[in-house]
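Close look at the chain arrangement
As a plain string of letters, each chain reads:
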Amino acid sequence: MDTGERNIVINAETDIILARIAGGELAEQLGFDTIEKHCIITSISELAANIFFIAGSGTITLAVVSRNDGQTGLQVIASDEGPGIQDLEQALQDGYSTSGGLGGGLPGVNRLMSEMAISSVVGQGTVVRAVKWLDDDRFTLRLYRPERDGERT
Amino acid sequence: MARTTKIPVLKIDDFLVASIQVPLDDRSVVEFQNDLLVRIIEAGARGVVVDITAVDVVDSFMARSLNDIAIAVHLLGAQMVIVGIQPILAVTLVEMGLTIPNAVTALNLEKGLARLRAMLTASQGDSPWPTGAESRGQPGEDDGEPGPEQAFVHRGRPGGDQGRG
């Protein structure tokens, strides 16, 4: 399995799509199910779009990481040298956006991924690190496990 | 850089159908919106169905774009229905807190077209420009006429103003 880091430089909108595709491939290799893969792809899309629309350019780095207990995860690091985030707390609130309705992105990523951390210096840039662990079952929809439907209720 | 993704817009009766098969970037979205608006005028379309069955990711950019397109379509007096939102998309949209408040949704193309027809029938009934007592009584007679346009262009139909006086 390819465990090396993958860097996708974001300079154009089409790079957002490339990052998305690379993330989807890696998620599949790691054995994430459809919906988890979708959470990862959407998050990457969101982070890459933030880079492009707010900072202009930056990098998405995808990597396979391991937790202390041996659990595997897919890590996404989005870094840019853009304007930075003035008020982190506010940026993590639902519905907050500085780029004309584009936002809502970070709280969304926070929910779609297992964990997320941001470090940002105004005027210097932003780094967002988000990880999806393989054992994160929050989005295991009944929809995708129809055989379990009868057991619940 | 110059290459954009052309989204075909098909005409069915009074409606246009566009199926988005690929991820849209900013340029493609603008092109699609312009294309759609021009086709609405050309075809005198009263409604648009945008099919996103093949779209695998809707991030906030895509959601906002779809919403903007819906607003522009409304401004031309047409209705827009989005069809084919996959279950995973619905889940992630909810998680992301994203909505497309200006477009109506339906399960698939067939239901989308039915929805458009229902909406247009309803909006005809609510038209602020009365089309005359006799045609109100028999809505079937109105079928061949452009619907939402009546609200803006009451061509050769002075009855609207008389009805108010």
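Everything below is about the structure shown above.
Since we're looking at a predicted model, the values are computed, not measured. (Residues numbered from 1 in each chain as written. Chains lettered and ligands numbered in written order. Predicted model: local features only at pLDDT ≥ 70, side-chain atom pairs only at ≥ 80, totals over all residues. Heavy atoms only, no water.)

Quick word on the environment of Met-62 of chain B
Residues and elements named next belong to chain B. Here Met-62 shows up in helix H2 (residues 60-75). Residue class for Met-62 comes out buried when judged on its relative accessible area of 4%. Sequence-wise, Met-62 and Ile-100 are 38 residues apart; in three dimensions their C-alpha atoms are separated by 9.9 Å. If sequence neighbours within four positions are ignored, Met-62 has contacts with Ile-20, Leu-24, Val-55 and Val-57. (Helix = DSSP H or I, 4+ residues; strand = E, 2+ residues; numbered from the N terminus. Buried < 20%, exposed > 50% of the residue type's maximum accessible area, 1.4 Å probe, protein only. Contact = heavy atoms within 4.5 Å.)

Quick notes on the nonpolar core
Residue and element names in this part refer to chain B. Core analysis: the largest hydrophobic core is formed by 36 residues, its most contacted members being Ile-20, Phe-32, Ile-52 and Val-73. Every element with two or more residues in this core is listed here: strand S2 (15-19), helix H1 (26-43), strand S3 (47-51), H2, strand S4 (79-83) and helix H3 (87-96). Here the element with the most residues in this core is H2; it accounts for eight residues. When near neighbours in sequence (up to four residues on either side) are disregarded, Val-73 contacts Leu-36, Leu-37, Ile-40, Val-48, Ala-78, Gln-79 and Met-80. (Core = buried A, V, L, I, M, F, W, Y, C linked by side-chain atoms within 4.5 Å.)

Some remarks on the packing of aromatic side chains
Here the structure, examined in full by the defined rule, presents two aromatic pairs over all chains. Between Phe-52 of chain A and Phe-53 of chain A, the ring centres sit 5.2 Å apart and the planes meet at 80°, which makes this aromatic pair edge-to-face. For Phe-52 of chain A, a relative accessible area of 22% translates into the label partly exposed. For Phe-53 of chain A, a relative accessible area of 27% puts it in the partly exposed group. Taking 5.3 Å as the distance between ring centres and 25° as the angle between the ring planes, the aromatic pair formed by Phe-53 of chain A and Phe-61 of chain B counts as stacked. Within this pair, whereas Phe-53 of chain A is found in helix H2 (residues 34-55), its partner Phe-61 of chain B is found in helix H2, the two belonging to separate chains. (Phe/Tyr/Trp six-rings, centres within 6.5 Å; stacked < 30°, edge-to-face > 60°.)

A closer look at the pattern of salt bridges
Taken as a whole and judged by the stated rule, the model has eleven salt bridges over all chains. Note that Arg-117 of chain B and Asp-13 of chain B form a salt bridge whose closest N and O atoms lie 3.3 Å from each other. One end of the pair, Arg-117 of chain B, is in helix H4 (residues 109-125); the other, Asp-13 of chain B, is in the loop between strand S1 (9-12) and S2, and 104 residues separate them in sequence. Through salt bridges with shared partners, a single ionic network connects Arg-67, Asp-69 and Asp-135 of chain A. (Salt bridge = Lys/Arg side-chain N within 4 Å of Asp/Glu carboxyl O.)

Description of the pairing of strand S2 (residues 58-66) of chain A
All names here are of chain A. As paired strands, strand S1 (residues 6-10) and S2 are joined by five bridges and run antiparallel to one another. In the sheet register, Ile-8 faces S2, and the bridge partner there is Ile-60. Bridge analysis of S2 against strand S3 (residues 72-80) gives nine bridges, and the strand direction is antiparallel. Along S3, the bridge assignment pairs Val-65 with Gly-73. Connecting S2 to the antiparallel partner S3 that follows it, the hairpin turn spans five residues, and Gly-70 within it adopts a positive phi of roughly 90°. (Pairing = 2+ DSSP bridges.)

Details of the pairing of S2 of chain B
Residue and element names in this part refer to chain B. Extensive coverage of S2 is indicated by the burial of four of its five residues. Two elements, S1 and S2, share four bridges in a ladder whose sense is antiparallel. If you follow Val-9 over to S2, its bridge partner there is Ala-18. Note: S2 against S3, five bridges, orientation parallel. Bridging from a neighbouring strand, Ser-19 pairs with Asp-51 of S3.

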